[in-house]
Structures are given as C-alpha cells and as structure tokens.
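# Coordinate analysis (summary)
The residues making up each chain are set out below.
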Amino acid sequence: RRVVSPRIIGSKAATTLDALGRRQQQIPTDARRPPPSMLLTDSNLNPHAAPFVPTGASPAPLPAPPLQARRRPLQTLSTAARAAAPARAAAPAAADEGGPADGSPGAMLADLPPELLAAVLRSMRLSDIGHLAYASRPLLGAVEAALQLRAQDGKDPLPRLPACEESWAPFLLRLDRLRAPTVVAAGDRHCLFVDSERRLLSCGFDSQHRAVLGHAHDLTSGGPPSLRLPVPSPVPAAAGLRVSGVAAGAVHSLLVTEGGVVYSWGSSKFGALGHGVDCDGRKVERQFEPRRVEALAGVRVVMVAASPSHGGWGLDYSHSLAVADDGAVFSWGAGKDSRLGHGSSNDVHTPRRIDALKKQRIASVAAGENHSVALSNEGRVYSWGSGRWGQLGHGSLRNARLPRAVDALRDVWVCSVACGCYHNLALAWEGGVYSWGP
C-alpha cells in the first residue's frame, strides 16, 4: 500500500538509519547527553578537524604557551581533558614536549577573559566546541557566547534548539554524530568502505563492465575490467587520498576527501559522473578509476549521494547529489522526472547548484532511484522528483519539479533522512521514525 505522507513507525525509537531502514546502532533515547566515554576519546573526535591554533594574543599577566604547544592538534586537548581536572580544558605540553622548562602550568583557556575566550572558540568547528564544553564546565558560558557570535556573523548559522534539549553542547555533539559522512555504502552489487586510515576499499561483482569497483587492472590488456572481489580491497587509484565519505549507486560510485574534493567512477550515459566532456568533445560515460570532479573545484563538499536502482530498472538514469560546507546543494546526472531539482527534466553532465534551495542551509541529502531528499539545518525535510509511488510525501502522486517542504513533518525536528528506491525514512530528534512511499 502506498503511503503518500510520512507516518511514524510503531512506538519504538531508533537513533540512526541506513537506506534499508535497519538500525545501525542502539543509543538509549531517554539519554539526552551521550556518556563521557563516547565524547572524550580521540577516536570519537571529528577526524576532519583542523589543528586547534588559538587566534589573538594572550593577556599580558599570563605566560604565553610555547609555539609547539599552540600548534598541538585538538586530539591532544581531548587526552589532556580526560586525564586532568575538568577545569584544565587545555593543558600545556610537558617540558620534554616543548612545554615550560620550569614545569609551570602555563596558560589555560578557562583563564582567558570571557570576550577573548568566546572569540577563540568561535573559530573552531561546532563539534569541537561541544567537546570543549563537556571537557570543562567553566567553559559552558563561553561556549554559549561563541555560538551566538557565530550566528550573528553568519559564519555558521545555528539551528533552533529542539524542545527536548536544555543546552547546546549535547545537541551539537549528537547532531554531528548523526550527520557524519558515510563510511560504508552499498550499491546494487558492490560495496564501498573507508577504513580507520581513511583509505578507500571496495568489493563485489562488476557484472556488466561498469567499473563500479574502481579497480582498472585489466585496462592494460585492452578490455574493460570485469571481476569479483569477495573481500574489501584497497583501490589503488585512491591510495594517496584521505577519504571522508562514500556513496554507492547502481552503476557509479562517489567519494569525498577530508579536504572536500569529490571523485567519481563507474558508468552513466546521462552525466552522473559529473565529468562533462573530454578534450575530444565526447561525453564521459565510463570511468574505470576514481577521477576528480573538476566542476566542483573551489567548493568544499562534505557529503555525497548516488542514486540506487530497483531490480535493474533505470540503471542508465542515475544521478548524484553533493552538499557543500556552506549548505549549498549540487546535483547532476539524469534529469528525468525532475529528480535534479532544477525545474526541468534536462540531463546535467556537470554539477550544478540547486537554486531553489539557496535560502536553506542544507545539512544532508539522500538519493532515490528517481527522486531526491534534502534535510535542512533546521530539521526540515524537502523532496523533489517523481511522486508516482508517493515517495515525495506531499500527499499526492504528482511529480515535483523543484524542492518542496514535506508539510506532514513541519512540526517534527528531523535529524536524519534516508532513501530507498521508492521510499524514504526520517529519524526525529526525540527518536521517532517516519516512513512513506510504496
């Protein structure tokens, strides 16, 4: 039975979803704050965070930290905060690591004037600010001030705080974890993985010479690669990349690096690879190894999505989505049923920004076979493309040429979305799961 508007699934709560609706992990929904063991470990810190270098000079009465201490990455901050007293949010390096030779404690963030401390925190990533708030209670006031400064200067507009949350720190940390880049992705007959060393691995069966695995070892023999990889194997062409996230479609694959660069490979007659035309004027319809999408040069991408397929249908009508760090959304590939969100059914062979979403700061996207879904930083869900099976959630079976808000979820703060071929799932902040489609 088709469900054309989102409905909550049962009474049990979940915390995160994959495209098939399975639970990936269990977190008690009544726990508003993740346990400290989840927050103050180096492995749980944002792996994409730049080294923490405080800006601005320290006040005269305080001894300035040595140069090496100022350049220590934020992971060291987590270790120090876990081992030392909570008030020491930024313990200096030891003498043998470049710290003060006399063993003096040096400067601490909590000792800075509130105005200066807020300015320092404002330059950090949201997830790192949240970790600092948990590491040291004296920093909670400065965290709130820094967040307000960020919202005022437009650097990183904050979403509204859900009614079930009392403070920003747990909210930011949980939101960052729910919207982290995908490190495991499943296509029709292949899978992609990102290991702990940020390497790209793939496995599966390249059944129709579509090069979805990224292994081009048979090119030297004059024929396209066709192989089975029963276990995840590193992709040689991506050996020099530090991969942040991946997306596996029906006939093509995408990755985004820690620096926000997008690579694609596989096959697509309608431009889902995003490479446009070669120097000889021919459209790029097949790519055997990961290749950089040059049209996104200068854009720092944080997330990518690739369309799946239902039982082999629509394999050639693939499309791709990408979200930039400033909330901009780009789409390219097959334009049938207006799945790209540009107001027409024209194919687009290089990434093009979706103008209809310029006023929204988008946090994540998901791709169905012939429709697309976006989630804003305010917890609002938007959908566009084919509505034949009710997968848009607009209460009808009509197509949507442009992104349109799912009004049935207007009173729900959604924190994660996922697409199957013709259905969608949404995870609400309080733990409810909504679904719609056939």
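Since we're looking at a predicted model, the values are computed, not measured.

### Notes on the overall build of the protein chain
The helix and strand inventory of the protein chain stands at 7 helices and 20 strands. Taking the contacts inside the protein chain whose residues are at least 6 apart along the sequence as the reference set, 57% of them involve residues at least 24 apart. Summed over all atoms, the accessible surface of the protein chain reaches about 19700 Å², with 52% contributed by carbon and sulfur.

### Remarks on the sheet that holds strand 7 (residues 252-257)
Spatial ordering of the open sheet is given by 6-7-8-9, a layout of 4 strands whose pairing is antiparallel. In this open sheet, the two strands that pair with only one neighbour each are strand 6 (243-248) and strand 9 (286-292). On average, each strand axis in the sheet is tilted by 10 degrees relative to the strand beside it, whichever way the strands run.

### Some words on the sheet that holds strand 14 (residues 362-367)
The strand order 14-15-16-17 describes an open sheet built from 4 strands, whose pairing is antiparallel. The outermost strands of the open sheet, each flanked by one partner alone, are strand 14 and strand 17 (400-405). On average, each strand axis in the sheet is tilted by 15 degrees relative to the strand beside it, whichever way the strands run. In this sheet, strand 16 (residues 381-385) lies alongside strand 15 (residues 371-376) in antiparallel orientation, the contact comprising 5 bridges. What sits directly across from Val373, in strand 16, is Ser383.

### A look at the environment of Ala356
Structurally, Ala356 is set in the loop between strand 13 (348-353) and strand 14. Between the C-alpha atoms of Ala356 and Val329, which are 27 residues apart in sequence, the distance is 9.6 Å. Other than its neighbours up to four places away in sequence, Ala356 contacts Leu402 and Pro403.

### Looking at the pattern of salt bridges
Taken as a whole and judged by the stated rule, the model has 6 salt bridges. With its nearest N and O atoms 3.7 Å apart, the salt bridge here joins Glu197 to Arg199. Shared partners join several salt bridges into a network, and the residues in it are Asp195, Glu197 and Arg199.

### Observations regarding the pairing of strand 20 (residues 433-437)
Consecutive side chains of a regular strand alternate in pointing toward one face of the sheet and then the other. For strand 20, the buried fraction is high: 4 of the 5 residues fall into the buried class. Sheet analysis places strand 1 (residues 3-8) next to strand 20, joined by 3 bridges and oriented antiparallel. Across the sheet, residue Val3 finds its bridge partner in strand 20, namely Gly437. The turn joining strand 19 (residues 424-428) and strand 20, which pair antiparallel and follow one another in sequence, is formed by 4 residues; a positive phi near 110 degrees is taken by Gly431.

### A short note on the confidence of the model for the protein chain
With 66% of its residues at a pLDDT of 70 or more, the protein chain has an overall mean of 75. Per-residue pLDDT stays below 50 along residues 11-106; that stretch engages in 149 contacts with residues further than four places along the chain or on separate chains.

### So, the packing of aromatic side chains
Summed over all chains, the structure comprises 3 aromatic pairs. Taking the centre distance of 5.0 Å and the plane angle of 10 degrees together, the rings of Phe270 and Tyr317 count as stacked. Taken together, the residues Phe270 in the loop between strand 8 (262-267) and strand 9 and Tyr317 in the loop between strand 10 (301-306) and strand 11 (319-324) connect sequence positions 47 residues apart. Aromatic pair Trp389 and Tyr422: ring centres 6.0 Å apart, planes at 40 degrees, arrangement tilted.

### Quick look at the environment of Ser416
In this fold, Ser416 is placed in strand 18 (residues 414-419). Apart from residues lying up to four places away in sequence, Ser416 is in contact with Leu375, Leu425, Ala426 and Leu427.

### A word on helix 4 (residues 114-122)
Along an α-helix, residues three or four apart share an orientation, since each turn contains 3.6 residues. Taken together, the buried positions of helix 4 are occupied by Leu117, Ala118, Val120 and Leu121. Taken around the axis of helix 4, the buried residues stretch over an arc of 160 degrees, which confines them to a single face.

### Focus: the state of the cysteines
For the structure shown, the criterion picks out 0 disulfides. For Cys419, which is in no disulfide, the shortest distance to another cysteine sulfur is to Cys421 and amounts to 9.9 Å. On the basis of relative accessibility, which here comes to 15%, the residue Cys421 falls in the buried class.

### Things to note about unusual backbone geometry
Backbone geometry places Asp337, a non-glycine residue, at a positive phi of 65 degrees. Mapped onto the elements of the fold, Asp337 is located in the loop between strand 12 (329-333) and strand 13. The exposure class assigned to Asp337 is partly exposed, which follows from its relative accessible area of 22%. Within the chain, Ser338 stands out as a residue other than glycine whose phi angle is a positive 65 degrees. Inspection of the secondary structure assignment puts Ser338 in the loop between strand 12 and strand 13. On the accessibility criterion, Ser338 (3% relative accessible area) is buried.

### Side note on the side chain of His190
By the element assignment, His190 lies in strand 3 (residues 190-194). In this structure the side chain of His190 is engaged in a polar contact, spanning 2.9 Å, whose partner is the side chain of Ser253. Ignoring any residue separated from it by four or fewer positions in sequence, one finds His190 in contact with Ala185, Cys203, Gly204, Val212, Leu213, Ala248, Gly249, His252 and Ser253.

Conventions used here
- Residues numbered from 1 in each chain as written.
- Predicted model: local features only at pLDDT ≥ 70, side-chain atom pairs only at ≥ 80, totals over all residues.
- Heavy atoms only, no water.
- Helix = DSSP H or I, 4+ residues; strand = E, 2+ residues; numbered from the N terminus.
- Contact = heavy atoms within 4.5 Å.
- Areas by Shrake-Rupley, 256 points an atom, 1.4 Å probe, with all protein chains shown as cover.
- Pairing = 2+ DSSP bridges.
- Axes fitted to C-alpha atoms, helices over the stretch in contact; angles between N-to-C directions.
- Salt bridge = Lys/Arg side-chain N within 4 Å of Asp/Glu carboxyl O.
- Buried < 20%, exposed > 50% of the residue type's maximum accessible area, 1.4 Å probe, protein only.
- pLDDT = per-residue confidence, 0-100.
- Phe/Tyr/Trp six-rings, centres within 6.5 Å; stacked < 30°, edge-to-face > 60°.
- Arc of directions from axis to C-beta.
- Disulfide = S-S within 2.5 Å.
- Polar contact = N/O pair within 3.5 Å; in protein donor to acceptor, adjacent residues only side chain to side chain.

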